[in-house]
Amino acid sequence: MHLDHSHPATPAVSADAHRPDGTRRAVRIGLGGPVGSGKTATVAALCRALRDELSLAVVTNDIYTREDAEFLLREAVLPPERITAVETGACPHTAIRDDISANLEAVEDLEDAVGPLDLILLESGGDNLTATFSKGLVDAQIFVIDVAGGDDIPRKGGPGVTTADLLVVNKTDLAPYVGSDLARMAADAKAARGELPVVFQSLRGESGVAEVAGWVRQRHAAWTAQA
Amino acid sequence: MSRAALLVLADGRFPAGGHAHSGGAEAAVRAGRITGVADLADFCRGRLHTAGLVAAALAGAAALGRDPVELDAAADARTPSPALRLAARKLGRQLMRAARATWPAPELDALAREFPKGAHQPVVLGLTARAAGLGPEEAAYCAAYESVSGPATATVRLLSLDPFDATAVLARLAPELDQVVERAVAAARRVAAEGVDALPACSAPLLEIAAEAHAAWPVRLFAS
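Everything quoted here is computed from the prediction, not taken from an experiment.

A. A look at the overall build of chain B. Within chain B, the secondary structure is distributed over 11 helices and 0 strands. Written out in order from the N terminus, the α and β elements of chain B read α-α-α-α-α-α-α-α-α-α-α. For 224 residues, the compact-globule formula gives about 17 Å, and the C-alpha radius of gyration of chain B, at 16 Å, lands near that figure. Structurally, chain B occupies a C-alpha span of about 45 × 35 × 35 Å along its principal axes. Going through the 224 residues of chain B one by one, you find that 55% of them count as buried. Counting contacts in chain B only where the partners sit at least 6 residues apart, residues at least 24 apart contribute 80% of the total. Accessible area of chain B: about 9,500 Å², with a carbon and sulfur share of 58%. Within chain B, one finds 23 positive and 23 negative side-chain charges whose respective centroids are separated by 5 Å.

Structure (C-alpha cells):
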C-alpha cells in the first residue's frame, strides 16, 4: 500500500520500504524467544559488533515496562537516544504481532531523532514458542532459544522455531552441565526448518555473536541492494 | 452508512494500541480501590459518566465535522493530567495510523499533518468514524464503550478476575451507555452554534491524580 504519495510528510503505512523523502528506510530485524534465552544479551552483543559500521537503534518490548531497555542502557551499548522501550500491557506478542502501532511509532520517532538509520533491532519481551513478529513491523526475524531451556524445544517446534529467518541456539557452553544434546538439537532443528539457517552460539565463547552479526550484515546488504 | 463498519471500529482487536492501557484500572487496583467485580462495576460506572461522557461528546462532534483542532484544544482543557494528555495523544496517533490504512480520507491526512505526534484519541476516533461513513451516535458509542471495556479487560489481567464476570459488568452498564451517548450527542450537536464550550467537562479527579502517580512507577504492566 502506498497511501502516502500525496502527503509525504505523514507516513501512515507500516511495511512501506521507503522513508517519506523517498530514500530506503532502515532494515528492521525482530528478536523473539522464550524468557531468559538471551535475547537482550544477543542484542547487546550485536550493538557492540555493528555500531561502528552501521547507524543502528533498538526498540524493546518489555512485559514490565523498561527492564530490557535499562539493561542495554547500563551496558552502554548505544547512546540512550538510540534505545526506546515500548510498553506492551503485559502482552509483548500483541505488540509485535497483532497491534504493531506502538512499535511502528517508536521506529518513526527513532528515525526522526537520530536517523537516518541503517538497522533497527526490535526485541520482544520473553514470551512463548508461538510469538512471532508481524511482517508489517519487521523485514526478518531471529528466534533465540537456549540449551538450558530443554533440548526438546527444536523438536516441539512452533511458529518461532519453524519459521524464523534465523534460529539461534544460545548458551552452548552450558550444554554439558544441563545434559543437553547439541547434535540432537541440530538434527531436530534441521527437520523442523529445512534450509532455514540455525546458529549455535555461546556469547562467552571466543567467537561470541560473530556468526549472528554476519547474518545481520547480509540481511542489511540484501535490503540495501533492493533499492 | 454501513452499520458493519461500526463493528470493525469498535472491535477490541482493532489495532490501535488500546491493549497496552488500563484506563486507570492498574492504579486503582494498586490503591485497593478495585479488589473484585463489584468494585470494577463502580469504577467503570464512574469512568463512563466522567471521562467516558467527555470522550463520547468529543468523538460525536468530530464525527459531525466540527473543527478537529478546536476539539483537540477542548480535549486538552478537559484533561488536567499531563500524563493522561500524553496517553490520549499517543493513542490518537496509533488510531490515526490504523484509520488511514483502513478508511483513507483527506480529513484524516489533514489531521495527521496538523498533529504529527497525535491528536487526542476521541477526536481522531470521531473523524475515523466519519471516514468510515458512520455518524455521531456510532462515534459516541465507540468512545463510551472504550472508556469501560479497557479497564474491564485490564482488570481481568491484573486481578485474574473471572472474565465472564468482567464481561457481565459491561453488559449491565449497557443501559447507562445508551444514556451517556444520548447526552454526548446532544451536546455535540450544539457545538455548531455554541462552540466547544457546549461540550461536557465532567472530570474524575482521582483518575487524574492516580494517572500522574502511575506514570512515575518504575514497574507497571500498563502504559496508563
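From this point, the narrative continues.
B. The sheet that holds strand 4 (residues 119–124) of chain A, seen in detail. Residues and elements named next belong to chain A. The strand order across the open sheet formed by 7 strands is 3-2-4-1-5-6-7, and the pairing between neighbours is parallel. Every interior strand has two partners, whereas the edge strands, strand 3 (83–87) and strand 7 (198–200), have only one. On average, each strand axis in the sheet is tilted by 20° relative to the strand beside it, whichever way the strands run. Summarising the sheet, strand 1 (residues 27–32) and strand 4 pair through 5 bridges and their orientation is parallel. Within strand 4, the residue paired with Leu-31 across the bridge is Glu-123. Its contacts with the sheet put helix 1 (residues 39–50) on strand 1, strand 2 (56–62), strand 4, strand 5 (140–146) and strand 6 (166–170), and the angle it makes with strand 4 is roughly 170°.

C. Structural view of the confidence of the model for chain A. Averaged over every residue, the pLDDT of chain A is 88; residues scoring 70 or more account for 93%. Predicted confidence for residues 1–10 of chain A stays below pLDDT 50, and this span has 20 contacts to residues more than four positions away or in other chains.

D. View of the pattern of salt bridges. Under the criterion given, the structure shown has 26 salt bridges over all chains. Its salt-bridge partner being Arg-89 of chain B, residue Asp-76 of chain B comes within 3.0 Å of it at the nearest N-O pair. Of this pair, Asp-76 of chain B sits in helix 4 (residues 68–77) while Arg-89 of chain B sits in helix 5 (residues 82–102); the two residues are 13 residues apart in sequence, bridging distant segments of the chain. Residue classification places Arg-89 of chain B among the buried positions, given a relative accessible area of 18%. Through salt bridges with shared partners, a single ionic network connects Glu-105, Glu-108, Asp-109 and Asp-112 of chain A together with Arg-93, Arg-97 and Lys-117 of chain B.

E. Expanded view of the packing of aromatic side chains. For the structure on display, the rule yields 1 aromatic pair over all chains. The interplanar angle of 15° and the centroid separation of 5.9 Å between the aromatic rings of Phe-14 of chain B and Trp-103 of chain B together place this pair among those described as stacked. Residue Phe-14 of chain B is found in the loop between helix 1 (3–10) and helix 2 (25–30), and its partner Trp-103 of chain B is found in the loop between helix 5 and helix 6 (106–114); the two are separated by 89 residues along the sequence. Trp-103 of chain B shares its class with Phe-14 of chain B; the two are buried. The ring of Trp-223 of chain A is capped by Arg-24 of chain A, whose NZ or CZ atom sits 3.9 Å from the centre of that ring. A cation over an aromatic ring shows up here: Arg-30 of chain B above the ring of Trp-217 of chain B, its NZ or CZ 3.7 Å from the ring centre.

The rules behind the values
- Residues numbered from 1 in each chain as written.
- Chains lettered and ligands numbered in written order.
- Predicted model: local features only at pLDDT ≥ 70, side-chain atom pairs only at ≥ 80, totals over all residues.
- Heavy atoms only, no water.
- Helix = DSSP H or I, 4+ residues; strand = E, 2+ residues; numbered from the N terminus.
- Rg over C-alpha atoms; globule rule 2.2 N^0.38 Å.
- Buried < 20%, exposed > 50% of the residue type's maximum accessible area, 1.4 Å probe, protein only.
- Contact = heavy atoms within 4.5 Å.
- Areas by Shrake-Rupley, 256 points an atom, 1.4 Å probe, with all protein chains shown as cover.
- Lys, Arg positive; Asp, Glu negative; His and termini not counted.
- Charge placed at Lys NZ, Arg CZ, Asp CG, Glu CD.
- Pairing = 2+ DSSP bridges.
- Axes fitted to C-alpha atoms, helices over the stretch in contact; angles between N-to-C directions.
- pLDDT = per-residue confidence, 0-100.
- Salt bridge = Lys/Arg side-chain N within 4 Å of Asp/Glu carboxyl O.
- Phe/Tyr/Trp six-rings, centres within 6.5 Å; stacked < 30°, edge-to-face > 60°.
- Lys NZ or Arg CZ within 6 Å of the ring centre and 35° of its normal.

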